Amino acid sequence: MQNNVKTIFDSFNDYLVKEQELRTEIRDIVRDIDQAAKEAAIALQVIHSSIADVSAACVKARTFFDTCREGYGKLATLIPAGQYYRYHDHWHYMTQRIVFLIALTIYLEKGFLVARETAAEILGLHTDQKQGFHLDIEDYLVGILQLASELSRYAVNSVILGDYERPLMISKFVADLNSGFRLLNLKNDSLRKRFDALKYDVKKIEEIVYDISIRGLRTEPTPAVVAVPAAEAPEEPQS
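None of these values were measured; they are calculated from a predicted model. (Residues numbered from 1 in each chain as written. Predicted model: local features only at pLDDT ≥ 70, side-chain atom pairs only at ≥ 80, totals over all residues. Heavy atoms only, no water.)

### Looking at a nonpolar patch on the surface
A surface patch of nonpolar side chains, about 370 Å² in accessible area, is lined by Val5, Ile8, Phe9 and Phe12. Counting through the fold element by element, Ile8 comes out in helix α1 (residues 2-44). (Patch = residues over 30% accessible without salt bridge, like charges linked within 9 Å, V, L, I, M, F, W, Y side chains within 5 Å. Areas by Shrake-Rupley, 256 points an atom, 1.4 Å probe, with all protein chains shown as cover. Salt bridge = Lys/Arg side-chain N within 4 Å of Asp/Glu carboxyl O. Helix = DSSP H or I, 4+ residues; strand = E, 2+ residues; numbered from the N terminus.)

### With respect to the UniProt feature "binding site: Mg(2+)" (unreviewed entry) in the protein
The residues that UniProt annotates with the feature "binding site: Mg(2+)" (unreviewed entry) are Glu150. Along the polypeptide, Glu150 turns up in helix α5 (residues 137-160). Judged by its relative accessible area of 12%, Glu150 falls in the buried class. If near-sequence neighbours (up to four positions away) are discounted, Glu150 is found in contact with Gln45, His48, Phe100 and Leu104. (UniProt positions renumbered as here; feature names shortened; annotations may be inferred. Buried < 20%, exposed > 50% of the residue type's maximum accessible area, 1.4 Å probe, protein only. Contact = heavy atoms within 4.5 Å.)

### Some details on helix α2 (residues 54-78)
Spanning 25 residues, α2 covers 36 Å between terminal C-alpha atoms, matching the ideal 36 Å at 1.5 Å per step. By the burial criterion, the buried members of α2 are Val54, Ala57, Cys58, Ala61, Phe64, Phe65, Cys68, Gly71, Tyr72 and Leu75. (Expected span 1.5 Å × (residues − 1).)

### Thoughts on the packing of α5 against helix α6 (residues 166-181)
At a minimum axis separation of 9 Å, α5 and α6 run at an interaxial angle of 160 degrees. Between α5 and α6, the interaxial angle falls into the category roughly antiparallel. Judged by the sense of rotation from one axis to the other, the crossing of α5 with α6 is left-handed. Contact residues: α5 offers Leu141, Ile144, Leu145, Leu147, Ala148, Leu151, Tyr154, Ala155, Ser158 and Val159, while α6 offers Arg166, Pro167, Ile170, Phe173, Val174, Leu177 and Phe181. Of the residues in the contact of α5 with α6, the class split is 15 nonpolar, 1 polar and 1 charged. (Axes fitted to C-alpha atoms, helices over the stretch in contact; angles between N-to-C directions. Parallel < 35°, antiparallel > 145°, perpendicular 65-115°, else oblique. Left-handed = near helix turned anticlockwise from the far one by under 90°. Nonpolar A, V, L, I, M, F, W, Y, C, P; charged D, E, K, R; others polar.)

Structure follows, in structure tokens:
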């Protein structure tokens, strides 16, 4: 009887030891990816102090995304099939931040929102859960919401640096983001809270645009400064 009990608990111990070893390996890889993400974030901080160095910062950030891609490749081979969400807590916050950094880089380079598929491709991930290690859709969405917060800061610092057109472009972009998120039926509490903060980012940027307009810092006024909600917009006169 005692031997039978020992055999049972020995098997449990073997399982727990292997589980701990796996989580240690995961943490080591995640630490390396996170360090690369921090380096990318440091590189991109120059946008708040120098207009001329934005392009170079984006190029530098992309080199760190390559390092992140290598790390995710190691994780993909390490995680047992079908157990992605069992270990997801090790990397999901980090992934959200990396998506934000990728989204910021592409916005600075091209002026548009990175698609989930593109962000996943940069990191060497899938978008289909059935394919295994993938970019979770909620991680992507939280990363995009972090982008909105960073762009509100960027709008303020653009004015300080004498770029009065940038806040108007940011205003339109973030307003479009806000409209897109309003189409979603958000059930996740943390995602919903992040979305609730988006309206403050929109308001902050609108105030910057308004201030630029009334101070006459633009060569041409923008209709977006006095935007009328669609439901209240005046009808076109009948001919």
